[in-house]
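Chain by chain, the residues:
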Amino acid sequence: MGAADVTVVLTHGAWADGSSWHKVISGLWSAGVRAVAAQLPLTTLHDDVAALDRTLERVGGPVVLVAHAYAGGVIGSTRAANVRALVYVAALAPDEGETVADVFYRATPHASAPALAPDAHGLIWLPGGAFPSAFAQRASAEELAVLEATQQPISPSCITTPVGRPLWKDRPSWFLIAEEDRMIPAETQRFMAERMGATVRSHVVDHIPLVTAPSHVTDLLVDAVEDARRTLPGT
């Protein structure tokens, strides 16, 4: 791995943090790919984009930028010049003028999807029972315990702010469709991937394959990195 090689920057969704990517980070490391997880505050979309931009600035070199779930709206909103490609892992990809909520609620929710509402502090938490029923129904008991213990609440302003021109209109994009996703229906994921013109991989996985099926995610990211490497100067 050279100094100017591609780095994978991973962004987490709502009710998670950067540690949710730990299995994928290990898989990428084994494949000789450097990875960095950006920590998002989940306070406003602007705050989250600013936090991502600081990470991208620190990385410096060429990047394959990856999102899970809500973070699709974040990675589409950066204007960082070092981003070579975008990868959406069961992620939301609003178009210009849309909000994350617009695409999240586009289709009829799964019967097991939880009802979501702000608490007394104006923050949205995922109800505990939603982790095994909808968020990660393929996860082990230990994985579920960790997911619930480390969840971060999200502010409604993150998902109700319209986005500008998304970066996926100007960069190559990849999309992992989670066919058994009970949070973001696969129908919605297919709609977004087709609208983006993304390279698509579809797997029978739940909403958080980065935890429950990390090899599928890692394989896709390695392919995206290899594709990005072919566009580097001198290659």
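Quick caveat, the model's predicted, so the values are computed rather than measured.

A. Representation of the environment of G129. In this fold, G129 is placed in the loop between α4 (100-104) and α5 (130-135). Its relative accessible area of 53% is what places G129 among the exposed residues. Taking the C-alpha atoms as reference points, G129 and L210, 81 residues apart in sequence, are found 20 Å from one another.

B. Just the packing of aromatic side chains, in detail. Counting across every chain of the model gives 4 aromatic pairs. Measuring from ring centre to ring centre gives 6.4 Å for W15 and F135, while their planes differ by 80 degrees; the resulting arrangement is edge-to-face. Taken as a pair, W15 in the loop between β1 (7-11) and α1 (22-30) and F135 in helix α5 lie far apart in primary sequence, 120 residues in all. Taking the centre distance of 6.0 Å and the plane angle of 5 degrees together, the rings of Y88 and F175 count as stacked.

C. Spotlight on helix α8 (residues 186-196). Buried within α8 we find A186, T188, Q189, M192, A193 and M196. Viewed along the axis of α8, the buried residues span an arc of 155 degrees, placing them on a single side of the element. Against β4 (83-89), α4, β5 (173-178) and β6 (199-203) lie the buried residues of α8. A positive phi of about 70 degrees marks G197, the residue just after α8.

D. Local environment of the side chain of T78. Within the secondary structure, T78 sits in the loop between α3 (71-75) and β4. Separated by 3.2 Å, the side chain of T78 and the backbone nitrogen of A80 make a polar contact.

E. Spatial organisation of unusual backbone geometry. Within the chain, W15 stands out as a residue other than glycine whose phi angle is a positive 65 degrees. The buried category is assigned to W15, whose relative accessible area is 8%. Notably, A69 is not glycine yet its phi reads approximately 55 degrees, a positive angle.

F. Seen up close, the sheet that holds strand β2 (residues 34-38). In space, the 6 strands of this open sheet follow the order β2-β1-β3-β4-β5-β6, with parallel pairing throughout. Strand pairing shows two members of the sheet lacking a second neighbour, β2 and β6, which therefore form its edges. Along the sheet, successive strands turn relative to each other by an average axial angle of 20 degrees, direction set aside. Here 5 bridges tie β5 to β6, and the two strands are oriented parallel to one another. In the sheet register, A178 faces β6, and the bridge partner there is H203. Most of the contacts of helix α10 (residues 214-229) go to β5, to which it runs at about 170 degrees, and overall it touches β1, β3 (63-68), β4, β5 and β6.

G. Focus on the packing of α1 against α10. Contact geometry of α1 with α10 gives a least axis separation of 9 Å together with a crossing angle of 50 degrees. In terms of orientation, α1 lies oblique with respect to α10. Note on packing geometry: the crossing formed by α1 with α10 is right-handed. Note on element contacts: α10 touches α1 through P214, V217, T218, L221 and V222, opposite K23, V24, G27 and L28. Classifying every residue of the contact of α1 with α10 gives 6 nonpolar, 2 polar and 1 charged.

The rules behind the values
- Residues numbered from 1 in each chain as written.
- Predicted model: local features only at pLDDT ≥ 70, side-chain atom pairs only at ≥ 80, totals over all residues.
- Heavy atoms only, no water.
- Helix = DSSP H or I, 4+ residues; strand = E, 2+ residues; numbered from the N terminus.
- Buried < 20%, exposed > 50% of the residue type's maximum accessible area, 1.4 Å probe, protein only.
- Phe/Tyr/Trp six-rings, centres within 6.5 Å; stacked < 30°, edge-to-face > 60°.
- Arc of directions from axis to C-beta.
- Contact = heavy atoms within 4.5 Å.
- Polar contact = N/O pair within 3.5 Å; in protein donor to acceptor, adjacent residues only side chain to side chain.
- Pairing = 2+ DSSP bridges.
- Axes fitted to C-alpha atoms, helices over the stretch in contact; angles between N-to-C directions.
- Parallel < 35°, antiparallel > 145°, perpendicular 65-115°, else oblique.
- Left-handed = near helix turned anticlockwise from the far one by under 90°.
- Nonpolar A, V, L, I, M, F, W, Y, C, P; charged D, E, K, R; others polar.

Remember that the coordinates give geometry; whether it matters functionally is a separate question.
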